[in-house]
Amino acid sequence: MLKAVILIGGPQKGTRFRPLSFEVPKPLFPVAGVPMIQHHIEACAQVPGMQEILLIGFYQPDEPLTRFLEAAQQEFNLPIRYLQEFAPLGTGGGLYHFRDQILAGSPEAFFVLNADVCSDFPLSAMLDVHRHQPHPFLLLGTTANRTQSLNYGCIVENPQTHEVLHYVEKPSTFVSDIINCGIYLFSPEALKPLRDVFQRNQQDRQLEDSSGLWPGAGTIRLEQDVFSALAGQGQIYVHLTDGIWSQIKSAGSALYASRLYLSQYQLTHPERLAKHMPGGPRIRGNVYIHPTAKVAPSAVLGPNVSIGEGVTIGEGVRLRESIVLHGATLQEHTCVLHSIVGWGSTVGRWARVEGTPNDPNPNDPRAHMDSESLFKDGKLLPAITILGCRVRIPAEVLILNSIVLPHKELSRSFTNQIIL
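Residues numbered from 1 in each chain as written. Predicted model: local features only at pLDDT ≥ 70, side-chain atom pairs only at ≥ 80, totals over all residues. Heavy atoms only, no water.

The name given to the chain in an unreviewed UniProt entry is Mannose-1-phosphate guanylyltransferase regulatory subunit alpha, with the source organism recorded as Muntiacus reevesi. What UniProt records for the chain under Subunit (unreviewed entry) is the sentence "Component of the GMPPA-GMPPB mannose-1-phosphate guanylyltransferase complex composed of 4 GMPPA subunits and 8 GMPPB subunits; the complex is organized into three layers, a central layer made up of 2 GMPPA dimers sandwiched between two layers each made up of 2 GMPPB dimers." What UniProt records for the chain under Function (unreviewed entry) is the sentence "Regulatory subunit of the GMPPA-GMPPB mannose-1-phosphate guanylyltransferase complex; reduces the catalytic activity of GMPPB when part of the complex. Mediates allosteric feedback inhibition of GMPPB catalytic activity upon binding GDP-alpha-D-mannose. Together with GMPPB regulates GDP-alpha-D-mannose levels." (UniProt positions renumbered as here; feature names shortened; annotations may be inferred.)

**Details of the domain arrangement of the chain**
Partitioning the chain into domains gives domain 1 (2–247) and domain 2 (273–415). Each of domain 1 and domain 2 has a C-alpha centre, and the two are 31 Å apart. Between domain 1 and domain 2, the contact holds 21 residues from the first and 20 residues from the second. Interface of domain 1 and domain 2: buried area, both sides summed, is about 1,700 Å²; carbon and sulfur atoms make up 59% of it. (Domains from an automatic or database assignment. Contact = heavy atoms within 4.5 Å. Buried area = accessible area lost by both parts, 1.4 Å probe.)

**A look at the packing of helix 3 (residues 90–97) against helix 6 (residues 191–203)**
Viewed as axis vectors pointing N to C, helix 3 and helix 6 meet at an angle of 105 degrees, and their least axial separation amounts to 10 Å. Here helix 3 lies roughly perpendicular to helix 6, going by the angle between them. Where helix 3 approaches helix 6, its residues Gly92, Leu95 and Tyr96 are matched on the opposing element by Leu191, Leu194, Arg195 and Phe198. A per-class count over the contact of helix 3 with helix 6 returns five nonpolar, one polar and one charged. (Axes fitted to C-alpha atoms, helices over the stretch in contact; angles between N-to-C directions. Helix = DSSP H or I, 4+ residues; strand = E, 2+ residues; numbered from the N terminus. Parallel < 35°, antiparallel > 145°, perpendicular 65-115°, else oblique. Nonpolar A, V, L, I, M, F, W, Y, C, P; charged D, E, K, R; others polar.)

**Topic: the pairing of strand 1 (residues 2–9)**
Counting buried positions along strand 1 yields seven of eight residues, so the element is predominantly enclosed. The pairing of strand 1 with strand 6 (residues 109–114) spans six bridges and is parallel. If you follow Ala4 over to strand 6, its bridge partner there is Phe111. One ladder, built from seven bridges, connects strand 1 with strand 4 (residues 50–57); its direction is parallel. When the sheet's bridge partners are listed, Gly9 is paired in strand 4 with Gly57. (Buried < 20%, exposed > 50% of the residue type's maximum accessible area, 1.4 Å probe, protein only. Pairing = 2+ DSSP bridges.)

**Section: the packing of aromatic side chains**
One pass over the full model with this rule turns up 10 aromatic pairs. Summarising the aromatic geometry, the rings of Phe137 and Phe227 are spaced 6.0 Å apart at their centres and angled 80 degrees between planes, so their arrangement reads as edge-to-face. Placement of Phe137 in strand 8 (residues 137–143) and of Phe227 in helix 7 (residues 222–230) is noted, with a sequence separation of 90 residues between them. Each member of the pair, Phe137 together with Phe227, is buried. Centroid distance Tyr184 to Phe227: 5.2 Å. Interplanar angle 65 degrees. Geometry classified as edge-to-face. In this pair, Tyr184 is assigned in strand 11 (residues 178–186) and Phe227 in helix 7, connecting sequence segments 43 residues apart. Of the aromatic side chains, those joined through ring pairs into one cluster are Phe110, Phe137, Tyr167, Tyr184, Phe186 and Phe227. In this arrangement the basic side chain of Arg99 is found over the ring face of Tyr96, its NZ or CZ atom lying 4.0 Å from the centre. Geometry around Phe174 places Arg146 over its ring, the cationic atom sitting 3.8 Å from the centre. (Phe/Tyr/Trp six-rings, centres within 6.5 Å; stacked < 30°, edge-to-face > 60°. Lys NZ or Arg CZ within 6 Å of the ring centre and 35° of its normal.)

So this is what it looks like as structure tokens:
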């Protein structure tokens with residue numbers, strides 16, 4: 001039997017995802033029409049022998065999370081449980097703290113997936129590698145260019161055996177073009193090194209971490225405390241993928257992940273993609289429309305558009321490279337490009353909401369999303385436009401490269417501003 005663990009973090013993380021994470025926990029933010037972690041759960045549920053999926057994090061088990069878990073259990077006919085950490089325990093601390101829950105039933109192995117990654121999740125291929133040559137740790141890796149590799153965990157492998165010889169998390173100089181995808185397959189023996197780190201932390205509680213706080217013994221960082229320490233000892237191996245992969249750290253990367261997943265739907269969920277029908281809106285490229293959304297027949301949608309539950313799209317609307325969230329309204333002849341329109345927001349007639357994409361270099365097959373920063377030299381950098389929850393944009397107004405915080409009613413145009 002197999003299990004899967006999805007690490008969903010907590011509210012103290014994901015600050016680059018604001019203001020979108022003000023309304024729902026980041027793991028539940030809709031990407032390509034479904035909550036972010038539903039893509040993970042769907043992939044895990046398709047692995048033969050999967051018996052249980054555990055979510056570990058520091059979020060309070062509020063109504064949206066509880067409702068999602070109940071719906072997911074019914075849809076996938078699998079036990080899916082949330083285990084709440086008593087404090088933020090790092091990427092490995094929750095695994096060790098809930099080790100008895102993970103090992104209950106004696107699984108042969110368990111997957112560990114970070115919630116904030118977008119991937120086609122080649123879990124069956126990883127399982128085949130593990131069963132052919134079992135080792136405590138199997139990491140999924142992909143390639144990046146030399147500059148962008150510095151933003152990730154870098155892996156030096158033996159090209160013949162694929163053993164991880166050296167691992168450095170976000171190095172200051174180039175180490176390797178193979179990076180850690182944040183998707184793993186562990187054998188039960190993988191928890192023993194986590195126990196060693198826990199015991200070492202107990203013995204040495206006086207070491208300060210970089211933030212100046214006193215770390216608890218339960219805080220374990222998989223990347224620095226385990227992977228870096230065990231590299232070259234025959235315990236960690238890497239499986240390389242050339243499939244889709246991206247981190248989801250910011251709103252801009254969520255829009256890019258939506259594009260990747262919508263493209264993937266052509267193979268995995270063609271029923272989720274809207275089709276051009278007589279008397280319906282004009283569809284260009286990959287578009288998701290929730291069944292409850294109302295879209296005028298003269299609207300033009302796509303490519304890379306996701307329209308959520310209860311959304312209203314008026315006549316003559318042009319929508320491209322955007323996510324429109326639950327209950328939003330785009331009135332007649334609005335134009336929305338490279339933007340995220342928040343829950344319950346309204347964009348008035350003939351208004352234009354536009355952002356600037358920050359996509360990977362299309363001429364570099366190893367390029368990924370750049371690590372985004374909102375500011376440079378005290379100025380807001382051009383990026384996608386984000387309208388927070390229940391924002392009202394009046395008619396004939398331009399909102400360009402701006403972030404509008406929730407519950408704002410604007411009266412004029414804005415460019416390159418954060419509107420508080």
